[in-house]
Amino acid sequence: MLDPSISTAVAAVAESLCGKITEHDPGTLYGLKALSGACIKLDLNSPSLNFYIHINDEGLRFTAGNDDLLDPPTTLIRGKAADAFLFLFKDKHSLANSGLNIEGNVQILAELQTLFSNVEFDWEEILSDRLGTTAGPIFAKQVRAILNTSKEAAQTMRKRIEPILVDELQAAINNEEFKHFQNQCDTLAFDLEFAEQKLSQLKATLNKG
Amino acid sequence: MSEDNTTHFGFEKVKVEEKSGRVANVFHSVAAKYDLMNDLMSGGVHRIWKKFTIEISGVRSGDTVLDIAGGTGDLSAKFSKLVGESGQVVLADINDSMLKVGRDKLINRGILGNLRFAQADAQYLPFPDNTFDCITIAFGLRNVTDKDLALRSMYRVLKPGGRLLVLEFSKPQNALLQKAYDTYSFRILPGMGKLVAGDSESYRYLAESIRMHPDQETLKSMMTDAGFDDCRFYNMTGGVVALHKGTKA
């Protein structure tokens, strides 16, 4: 078992990060309130780690390993720590081929994914706190504009790349076709070699004659 | 505590009746910069140790919690949130300077309502029997003159089924870590105390008192002797700190 200081530190960092998100995005906090009472347990191995994510009216609370006093989790995720880590940074959060097993209420995970993929910070509040109420909203407008432009650029890029990829992938041969082509090449090479040898034999016969 | 009526004050042997006064002087001296020094001395890791303590406590809404030697109120602040309006937290400390710093800090942070403050000696807790669902004492037990008496007093005020959590410096489980820890405690810590809090002696006492504190197994058996059931401990940061947990049957 890992030193509790390490697992607790990981939980503290995750809690702090989620706390910052819910502090500056009331929409996410509102969405979490609807899931209040749910508890997700991450039962990880290699290294052995237990994490609990408690959803309450104030957001998310992360704890590390206290099986004795807690109610059974509503959702249980089991698997290797490395798989869970990779899963977090995947674009598509499908559990297929992720190496993770899930038990209990899966809907909560889908709802959390939707909530956290639509996070929108209240930049006016964040920057007004730091820069004052005059400069804050001006910079917030700029930040929002830059973020919107980047988002739009990313969406445009995706829209443009997707059809190209689809066309290219359609044009590209699949594995089986490639194997068949390789076999045909091998057969052709063999036939050519055979023909060459036959030709050499015929030449030799002609020369003798 | 020994039979010749003496006890330890760091590495020094003093009369039993002297210890509380001398410990009080240490904490009067460090109270104002206690939080800052805690962060500096532990590199902020004391927050992780305290978070783990809160997790293990299993405190829920409506519970009554006693935070002994609560000092500047780090644990009480978290417990206050967990127990909610229907629960109650008592922040107790024998030292009025520490209690004042803690009270002011919590009030300034808007933590009010379910929080009470009490200047109390852990050996003679001024509460009725079977009052609390959970009692914590974080980095305080080593300063208590008669630890067995304090543990029995805690057992008395704990409700049946209640938990006692003792968070305290302990014995590192690795020889190399022990060596590094000794160097840090006796060479760096007093210097840091002098630089930041203007008091190297108090921090020298803190380092010495940690070495004189019972190790993990000894404290566990002391808790068992005081009447606690299901006693266990969790080593943290390689045993630099240990969290002991006992339950009142």
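As the structure is a prediction and not an experimental result, all values here were calculated from the model.

### Notes on the overall build of chain A
A count of helical and extended segments in chain A gives seven helices and five strands. Along chain A, helices (α) and strands (β) appear in the sequence α-α-β-β-β-β-α-β-α-α-α-α when read from the amino end. Here the C-alpha atoms of chain A give a radius of gyration of 30 Å, more than 25% beyond the 17 Å that 2.2 N^0.38 yields for 209 residues. Across its three principal directions, the C-alpha atoms of chain A cover 105 × 50 × 30 Å.

### Things to note about the packing of aromatic side chains
All names here are of chain B. Overall, the coordinates contain seven aromatic pairs over all chains when judged by the stated rule. Taking 6.1 Å as the distance between ring centres and 85° as the angle between the ring planes, the aromatic pair formed by Trp49 and Phe169 counts as edge-to-face. In this pair, Trp49 is assigned in helix α3 (residues 45-57) and Phe169 in strand β7 (residues 158-169), connecting sequence segments 120 residues apart. The exposure class assigned to Trp49 is buried, which follows from its relative accessible area of 5%. According to the relative accessible area criterion, Phe169 is buried, its value standing at 18%. Aromatic side chains Phe139 and Phe169 sit 4.9 Å apart centroid to centroid with 40° between the ring planes, which places their arrangement in the tilted category. Here the residue Phe139 occupies a position in the loop between β6 (132-138) and α6 (147-157), and Phe169 occupies one in strand β7, the gap between them amounting to 30 residues. Neither residue differs from the other here; Phe139 and Phe169 are each classed as buried. Just above the ring of Tyr181 sits the side chain of Arg211; from NZ or CZ to the centre is 4.5 Å. Across from the ring centre of Tyr155, 4.9 Å away, lies the NZ or CZ of Lys248, which sits over that ring.

### With respect to a nonpolar patch on the surface
Residues and elements named next belong to chain A. A cluster of nonpolar residues, Met157, Ile161, Leu165 and Leu169, forms a patch on the protein surface that exposes about 410 Å² of accessible area. Topologically, Leu169 is positioned in helix α6 (residues 135-171). Judged by its relative accessible area of 62%, Leu169 is exposed.

### Some details on the pattern of salt bridges
Following the criterion strictly, the structure yields 15 salt bridges over all chains and no others. Across the pair Arg232 of chain B and Asp230 of chain B runs a salt bridge, and its minimum N-O distance is 3.2 Å. For Arg232 of chain B, a relative accessible area of 29% puts it in the partly exposed group. Sharing partners across several salt bridges, the network here consists of Glu15 of chain A together with Lys51 and Glu55 of chain B.

### Some thoughts on the pairing of strand β4 (residues 88-93) of chain B
All names here are of chain B. Of all six residues in β4, five are buried, a share of seventy percent or more. Strand direction decides the pairing type here: strand β3 (residues 64-68) and β4, joined by five bridges, are parallel. Directly across from Val65, in β4, lies its bridge partner Val89. Once the chain exits β3 it traverses helix α4 (residues 74-83) before rejoining the sheet at β4, and the crossover so formed is right-handed.

### A few points about the side chain of His24 of chain A
Residues and elements named next belong to chain A. In this fold, His24 is placed in helix α1 (residues 4-24). When its relative accessible area of 8% is taken as the criterion, His24 is described as buried. With residues near it in sequence (within four places) discarded, His24 still touches Glu120, Phe121, Asp122, Glu125 and Ile126.

### Quick word on the interface of chain A and chain B
Each partner contributes residues to the interface: chain A has 19 residues there, and chain B has 19 residues. For the pairing of chain A and chain B, the buried interface totals around 1,400 Å² over both sides, and the portion due to carbon and sulfur atoms is 51%. Linking chain A with chain B are two salt bridges. Residue Glu58 of chain A is joined to Lys81 of chain B by a salt bridge in which the shortest nitrogen-to-oxygen separation is 3.9 Å. Inspection of the region where chain A meets chain B yields six residue pairs in polar contact (both at pLDDT 80 or more). Per-class residue counts for the side of chain A that touches chain B are eight nonpolar, five polar and six charged.

The rules behind these values
Residues numbered from 1 in each chain as written. Chains lettered and ligands numbered in written order. Predicted model: local features only at pLDDT ≥ 70, side-chain atom pairs only at ≥ 80, totals over all residues. Heavy atoms only, no water. Helix = DSSP H or I, 4+ residues; strand = E, 2+ residues; numbered from the N terminus. Rg over C-alpha atoms; globule rule 2.2 N^0.38 Å. Phe/Tyr/Trp six-rings, centres within 6.5 Å; stacked < 30°, edge-to-face > 60°. Buried < 20%, exposed > 50% of the residue type's maximum accessible area, 1.4 Å probe, protein only. Lys NZ or Arg CZ within 6 Å of the ring centre and 35° of its normal. Patch = residues over 30% accessible without salt bridge, like charges linked within 9 Å, V, L, I, M, F, W, Y side chains within 5 Å. Areas by Shrake-Rupley, 256 points an atom, 1.4 Å probe, with all protein chains shown as cover. Salt bridge = Lys/Arg side-chain N within 4 Å of Asp/Glu carboxyl O. Pairing = 2+ DSSP bridges. Right-handed = clockwise from strand over helix to strand, strands pointing away. Contact = heavy atoms within 4.5 Å. Buried area = accessible area lost by both parts, 1.4 Å probe. Polar contact = N/O pair within 3.5 Å; in protein donor to acceptor, adjacent residues only side chain to side chain. Nonpolar A, V, L, I, M, F, W, Y, C, P; charged D, E, K, R; others polar.

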